[in-house]
Amino acid sequence: PITFQSGTDELDEAGKDELKKAAKNLNHYPNFRVVAKGHTSLGGDDEANFKLSESRAKAVVNYLIKELSVSPNRIRSKGFGSSQPLPKESGESDREYKYRLPRVELYLMKEVF
């Protein structure tokens, strides 16, 4: 998971480490584009959640471009707020589930955007 400092769009060190791994893996897929999709937890204000998810996705894109030299022509971001929650896994506690919801996911796309 790409992690952030709580309630912010500031990547923490673990999140930066995950992005370094992702950027390294992107070298194996030169013909693919990347979409960074931001999501938040279910609670709170919908508009605030959308803005946070969007700013986190943009922070991921900016880090990949500025710090890890991923071409800006290869990547874009999109925020979804809390509109696309993950399904709860069998036997998963509410606490564990809520911890997994706020996230930025990277998707490889074999199309031009």
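Residues numbered from 1 in each chain as written. Predicted model: local features only at pLDDT ≥ 70, side-chain atom pairs only at ≥ 80, totals over all residues. Heavy atoms only, no water.

S.K.: Tell me about the environment of Lys37, and name the residues and values.
M.R.: Residue placement: Lys37 occurs in strand 1 (residues 33–39). A relative accessible area of 22% places Lys37 in the partly exposed class. As a C-alpha pair, Lys37 and Val60 span 23 residues in sequence and 9.4 Å in three-dimensional space. Aside from chain neighbours lying at most four places away, what touches Lys37 is Ala57, Lys78, Phe80, Arg103, Val104, Glu105 and Tyr107. (Helix = DSSP H or I, 4+ residues; strand = E, 2+ residues; numbered from the N terminus. Buried < 20%, exposed > 50% of the residue type's maximum accessible area, 1.4 Å probe, protein only. Contact = heavy atoms within 4.5 Å.)

S.K.: Pulling in residues and values, what's your account of the packing of aromatic side chains?
M.R.: Taken as a whole, this structure holds 1 aromatic pair when the rule is applied. Lys37 extends its terminal NZ or CZ atom over the ring of Tyr107, reaching a point 4.2 Å from the ring centre. One Lys or Arg, Lys78, reaches over the ring of Phe80 and ends 5.6 Å from the middle of that ring. (Phe/Tyr/Trp six-rings, centres within 6.5 Å; stacked < 30°, edge-to-face > 60°. Lys NZ or Arg CZ within 6 Å of the ring centre and 35° of its normal.)

S.K.: Describe the nonpolar core, listing the residues and the values that go with them.
M.R.: Core analysis: the largest hydrophobic core is formed by 17 residues, its most contacted members being Ile2, Phe4, Leu11, Leu19, Val60 and Leu64. Every element with two or more residues in this core is listed here: helix 1 (13–26), strand 1 and helix 2 (46–66). Examining the composition of this core, we find that 6 residues originate from one element, helix 2, more than from any other. (Core = buried A, V, L, I, M, F, W, Y, C linked by side-chain atoms within 4.5 Å.)

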